[in-house]
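What follows is the residue order along each chain.
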Amino acid sequence: MDEVLKRQDSGELKRRLKGRDLIGFGVGIIIGTGIFTLAGVEAKTHAGPSVTLSFVLGAVVAGMAALCYAELASSVPTAGSAYTYAFATLGETFAWIIGWDLLLEFALGAAVVSRGWSGYLANLMGLSPEWFGEDAKVNIGAVAIIAVLTVIAVIGIKESARVTNLLVLVKVAVCVLILAVGVFYIRGENLTPFIPPAQAPTETAGTLHQPIVQAALGLEQSVYGIAGMVTAAAVVFFAYTGFEALANLGEETVNPKRDLRVGILGALGVCALLYIGVSLVLTGMVPFTDIDTGAPLADAFDRVGQHWVGALISLGAVTGLTSVMMVELVTIGRIGFAMGRDGLLPKKFGTAHPRWGTPHRMTIAGAVLIAALAAFVPISELADMVSIGALSAMIIVALAVPVLRKRRPDLERPFTVPFSPYLPIVAALACFYLMLNLDVMTWLRFAAWLLLGLLIYVFYGRKHSRFAKDELSSTDLPS
């Protein structure tokens, strides 16, 4: 454990961030696809008006996980987030699994968002669908935005924070506008019944596309009702996954003991309120069966004759998705930096730029992967993998809290999870239950990704780990 806390000798990141910067980063990555797209999609396909409850359920589960993140982030303020926490509590193998998992989550998430950004930009500016949007053979728009944001992310963390905070101000202003104007167009009949009765889907999908809990119990496929609301919660959980990115910035925070918990909990609270309010306005303005899944909010205001609001929403979507990609690029760099510093990835990924103090090599490598996915692969069907990756990471973090308290009761904890170990255990179980509401195909793809990661660990990471190479004694290992 002590070795984990001291492994900053291969390149030190600069401490330049404060609590307000972390809240900006958090809101920047959390508010994006969830509020501009997923709310409408899940209302129409799974939950109806009760998608608002789906966001409430997602916020509760994310909140419990956030408390666990806040304790570990303030106690172990180092790059790597859940990866580092797993290393300090459960050992190297679990740390590799969770690090590999997080790389998938953020890389895939950034690729999905960049393609969505390209489509919104094309719609806003009338650009050619041949190069922008989902119908493009090579999505030049997605590649271009990833390239521009990579340069900013490499130049410096403070510059990234400034750009992100500016984009967040625009995005939050648009969300407030949605609430302020949309509340006058809510119609009670659109919200009744609030939880539509369960019914068979209009198009019956195969077992592979059925929630795994339904498939395991041999239940008939259904949408809406309580089950549909919970399924929607599992999907829209993707919308809350950004808060854990803040835990990767511990080494770059001026006062991590205070600022980390302020950033994580503050960002999550702001975003939860906005999600709940906007989803309620959306389903109140338009019957859920008529919601447009491509641009639900803009279409809703067009329907009531407020076209100027729809245009501003499109602008807010472009800026909102830009900030999401920025923070995801920053996060990938920090996770890879921690893994490279430990030798589980090539050592060159675990060094900081001598001038800019950022993990430039890992940031660029991650950007290349994201751009390749975004350019050629229509990955909307893989969006659920972002949720399953985030939920599995949060299970590890929740379990790490009581384990670390038992192994290191002497460790200074500026923030502690209340009712431990009960609340962390409940958080882990809640995350697992949401995972069970994702479909079978998502689980199969997730298993394939983990298998690939284990093979890399067995044939490379385990042999090149700094603990293996240094032949540390068992008392030094973070077992």
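The structure under discussion appears in the preceding block.
Everything quoted here is computed from the prediction, not taken from an experiment.

**Student:** Explain the nonpolar core to me, please; I cannot follow it from the model alone.
**Tutor:** Core analysis: the biggest nonpolar cluster contains 142 residues, and Phe-243 and Ile-313 have the highest contact counts within it. Counting residues per element, this core draws most heavily on helix 6 (residues 92-125), at 18 residues. When neighbours within four sequence positions are excluded, Phe-243 is seen to be in contact with Ile-30, Ala-62, Ala-65, Ala-66, Tyr-69, Ile-264, Leu-268 and Met-394.

**Student:** Is there a simple way to think about a nonpolar patch on the surface in this case?
**Tutor:** A cluster of nonpolar side chains, contributed by Leu-53, Val-56, Val-60, Ile-195 and Ile-226, occupies part of the molecular surface with about 370 Å² of accessible area. The leading source of residues in the nonpolar patch is helix 4 (residues 51-75), at three residues. Note on placement: Ile-226 falls in helix 10 (residues 225-236).

**Student:** Explain the environment of Pro-211 here, please?
**Tutor:** Inspection of the secondary structure assignment puts Pro-211 in the loop between helix 8 (157-182) and helix 9 (212-217). Note: C-alpha distance between Pro-211 and Met-441 (230 residues apart in sequence) is 9.0 Å.

**Student:** Whenever I open this one, the side chain of Thr-442 confuses me. Can you help?
**Tutor:** As for its placement among the helices and strands, Thr-442 is situated in helix 17 (residues 440-464). Not counting chain neighbours up to four residues away, the residues in contact with Thr-442 comprise Asp-384, Met-385 and Ile-388.

**Student:** How should the packing of helix 13 (residues 307-341) against helix 14 (residues 360-376) be read in this particular structure?
**Tutor:** Each pair of packed helices gets described by two things: the angle between the helix axes and the distance between those axes. Running from N to C, helix 13 and helix 14 cross one another at 125°; their axes reach a closest spacing of 8 Å. The orientation of helix 13 with respect to helix 14, classified from their angle, is oblique. Crossing of helix 13 over helix 14 shows right-handed handedness. Between helix 13 and helix 14, the residues in contact are Leu-329, Ile-332, Gly-333, Arg-334, Gly-336 and Phe-337 and Met-362, Thr-363, Gly-366, Ala-367 and Ile-370, respectively. Grouping the constituent residues of the contact of helix 13 with helix 14 by class yields six nonpolar, four polar and one charged.

**Student:** I would appreciate a short explanation of the packing of aromatic side chains in the present structure.
**Tutor:** Aromatic ring pairs are described here by two measures, namely the spacing of the ring centres and the angle between the planes. Across all of its chains, the model carries seven aromatic pairs by this definition. Measuring from ring centre to ring centre gives 5.5 Å for Trp-96 and Trp-100, while their planes differ by 15°; the resulting arrangement is stacked. Of this pair, Trp-96 and Trp-100 are both found in helix 6, four residues apart, which corresponds to roughly one turn of the helix. Residue classification places Trp-96 among the buried positions, given a relative accessible area of 0%. Classification of Trp-100 by relative accessible area gives buried; the value is 11%. Chaining the aromatic ring pairs together yields one cluster made of Trp-96, Trp-100, Trp-449 and Tyr-457. Lys-348 extends its terminal NZ or CZ atom over the ring of Phe-349, reaching a point 5.8 Å from the ring centre.

**Student:** Can you walk me through unusual backbone geometry in this structure?
**Tutor:** Look at the link from Thr-192 to Pro-193: it is a cis peptide, with omega at -5°. Mapped onto the elements, Pro-193 comes out in the loop between helix 8 and helix 9. Even without being a glycine, Tyr-224 presents a positive backbone phi close to 65°. Residue position: Tyr-224 is located in the loop between helix 9 and helix 10. If you check the backbone angles, Phe-419 has positive phi at about 60° while not being a glycine. Structurally, Phe-419 is set in the loop between helix 15 (384-407) and helix 16 (422-436).

**Student:** Looking at this structure, how should I read the packing of helix 7 (residues 140-155) against helix 13?
**Tutor:** Two numbers describe how helix 7 lies on helix 13: the axes approach to 10 Å, and their chain directions differ by 55°. Judged on the interaxial angle alone, helix 13 and helix 7 are oblique. In the packing of helix 7 onto helix 13, the handedness of the crossing is right-handed. Packed against helix 7, whose contacting residues are Ile-145, Ile-146, Leu-149, Thr-150, Ile-152 and Ala-153, the element helix 13 presents Thr-322, Met-325, Met-326, Leu-329 and Val-330 at the interface.

Definitions and limits used
Residues numbered from 1 in each chain as written. Predicted model: local features only at pLDDT ≥ 70, side-chain atom pairs only at ≥ 80, totals over all residues. Heavy atoms only, no water. Core = buried A, V, L, I, M, F, W, Y, C linked by side-chain atoms within 4.5 Å. Buried < 20%, exposed > 50% of the residue type's maximum accessible area, 1.4 Å probe, protein only. Helix = DSSP H or I, 4+ residues; strand = E, 2+ residues; numbered from the N terminus. Contact = heavy atoms within 4.5 Å. Patch = residues over 30% accessible without salt bridge, like charges linked within 9 Å, V, L, I, M, F, W, Y side chains within 5 Å. Areas by Shrake-Rupley, 256 points an atom, 1.4 Å probe, with all protein chains shown as cover. Salt bridge = Lys/Arg side-chain N within 4 Å of Asp/Glu carboxyl O. Axes fitted to C-alpha atoms, helices over the stretch in contact; angles between N-to-C directions. Parallel < 35°, antiparallel > 145°, perpendicular 65-115°, else oblique. Left-handed = near helix turned anticlockwise from the far one by under 90°. Nonpolar A, V, L, I, M, F, W, Y, C, P; charged D, E, K, R; others polar. Phe/Tyr/Trp six-rings, centres within 6.5 Å; stacked < 30°, edge-to-face > 60°. Lys NZ or Arg CZ within 6 Å of the ring centre and 35° of its normal.

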